[in-house]
Amino acid sequence: MDKTGKFDLEKYPIHLGLNAKATVQDEFTGAVDWYERYGAQNAADGAEGRLVSLHSFSSPWGTWEMHPEGEELVVCISGKMTLIQEIDGKHQRVELLPGEAIVNPRGVWHTADVHEKACALFITAGMGTQVRPRN
């Protein structure tokens, strides 16, 4: 964060917590230990806490993820991606173009295909997030 308070959201996600508090997080590494630290540092906010992050992708995701404690908003900022949700044993595919958004419901496994370099904004109820490999 610079002296004006400006920061790069792709490098430094932000946590929206109780009492309308917004806290810039440590530099994002993508590693499991980053998420563990994030969870521990913000555990007091419980399921009401939200991780706000910006990610760029140039290839399909290698994993599925699921958020058991709340919903996740996904907003396509640039490029084109197909969000895949596993609902009732079937894969629902929704193409997202810039400015379009979708909500991943609580407890729904999801992944994404990327057709051209894409950037998306995520507002995630991250508590208890589970990940599994994509086959």
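The rules behind the values
- Residues numbered from 1 in each chain as written.
- Predicted model: local features only at pLDDT ≥ 70, side-chain atom pairs only at ≥ 80, totals over all residues.
- Heavy atoms only, no water.
- Helix = DSSP H or I, 4+ residues; strand = E, 2+ residues; numbered from the N terminus.
- Rg over C-alpha atoms; globule rule 2.2 N^0.38 Å.
- Buried < 20%, exposed > 50% of the residue type's maximum accessible area, 1.4 Å probe, protein only.
- Polar contact = N/O pair within 3.5 Å; in protein donor to acceptor, adjacent residues only side chain to side chain.
- Contact = heavy atoms within 4.5 Å.
- 1 Å grid on protein atoms, 1.4 Å probe; cavity = no way out; pocket = protein on both sides within 12 Å on 5 of 7 lines; lining within 4 Å.
- Points joined across faces, edges and corners; volume = space filled by probe spheres on them.
- Nonpolar A, V, L, I, M, F, W, Y, C, P; charged D, E, K, R; others polar.
- Pairing = 2+ DSSP bridges.
- Salt bridge = Lys/Arg side-chain N within 4 Å of Asp/Glu carboxyl O.
- Core = buried A, V, L, I, M, F, W, Y, C linked by side-chain atoms within 4.5 Å.
- Phe/Tyr/Trp six-rings, centres within 6.5 Å; stacked < 30°, edge-to-face > 60°.
- Lys NZ or Arg CZ within 6 Å of the ring centre and 35° of its normal.

Caption draft 1: Highlighting the overall build of the protein chain. Assigned secondary structure in the protein chain consists of 1 helix and 9 strands. Reading the secondary structure of the protein chain in the N-to-C direction produces β-β-α-β-β-β-β-β-β-β. Over its C-alpha atoms the protein chain spans a radius of gyration of 15 Å, differing by no more than 12% from the 14 Å that the globule rule assigns to 135 residues. In terms of principal-axis extent, the alpha carbons of the protein chain reach across some 45 × 30 × 25 Å.

Caption draft 2: A look at the side chain of D113. Its place among the elements puts D113 in strand β8 (residues 109-124). For D113, a relative accessible area of 16% puts it in the buried group. At 3.4 Å, the side chain of D113 and the side chain of R93 are in polar contact. For D113, the side chain forms a polar contact with the side chain of R134, separated by 2.6 Å. Apart from the residues lying within four places of it in its own chain, the contact partners of D113 are P60, M81, T82, I84, R93 and R134.

Caption draft 3: Just the layout of surface pockets, in detail. By volume, the largest pocket is sized at about 830 Å³. In terms of lining residues, the largest pocket is bounded by 33 residues, among which Y35, L51, E65, H67 and T129 are the most central. Secondary structure elements with two or more residues in the lining of the largest pocket: α1 (32-41), β3 (50-57), β4 (63-66) and β8. It is β3 that contributes the most residues to the lining of the largest pocket, 6 residues altogether. Looking at the lining of the largest pocket residue by residue, the classes come out as 14 nonpolar, 16 polar and 3 charged.

Caption draft 4: Structural detail: the pairing of strand β2 (residues 21-24). Of the pairings in the sheet, the one linking strand β1 (residues 14-17) to β2 comprises 4 bridges and is antiparallel in character. Across the sheet, the residue bridging to I14 is V24, located in β2.

Caption draft 5: Inspection of the pattern of salt bridges at higher detail. Per the stated rule, a full pass over the model turns up 6 salt bridges. Here R37 ties to D26 by a salt bridge, and the two come within 3.9 Å at their closest N and O atoms. Separated by 11 residues along the polypeptide, R37 in helix α1 and D26 in the loop between β2 and α1 bring together distant segments of the chain. Exposure remark for R37: the relative accessible area of 34% places this residue in the partly exposed category. With a relative accessible area of 40%, D26 lands in the partly exposed category.

Caption draft 6: Layout of the nonpolar core. One finds W61, V74, M81, L96 and F122 to be the most contacted residues of the largest nonpolar core, which totals 13 residues. Of all the secondary-structure elements, those providing two or more residues to this core are β5 (72-87) and β8. It is β8 that contributes the most residues to this core, 5 residues altogether. The residues contacting V74, other than those within four sequence positions of it, are L96, E100, A101, I102, N104, A120, L121 and F122.

Caption draft 7: The arrangement of the packing of aromatic side chains in detail. Scanning the model with the defined rule gives 7 aromatic pairs in all. With centroids separated by 5.7 Å and ring planes inclined at 0°, the aromatic side chains of W34 and Y38 adopt a geometry described as stacked. Here W34 and its partner Y38 are both found in helix α1, 4 residues apart, which amounts to about one turn of the helix. Just as W34 is buried, Y38 falls in that class too. Taking 6.1 Å as the distance between ring centres and 50° as the angle between the ring planes, the aromatic pair formed by W61 and F122 counts as tilted. Here W61, found in the loop between β3 and β4, pairs with F122, found in strand β8; they are 61 residues apart in sequence, far enough to count as distant. Residue W61 is classed as buried on the basis of its relative accessible area of 12%. A relative accessible area of 4% means that F122 is categorised as buried. An aromatic cluster is present here, built from F28, W34, Y35 and Y38 joined pairwise through their rings. When the ring centre of W64 is taken as origin, the NZ or CZ atom of R132, which lies over that ring, is 5.1 Å away. A cation over an aromatic ring shows up here: R132 above the ring of W109, its NZ or CZ 4.4 Å from the ring centre.

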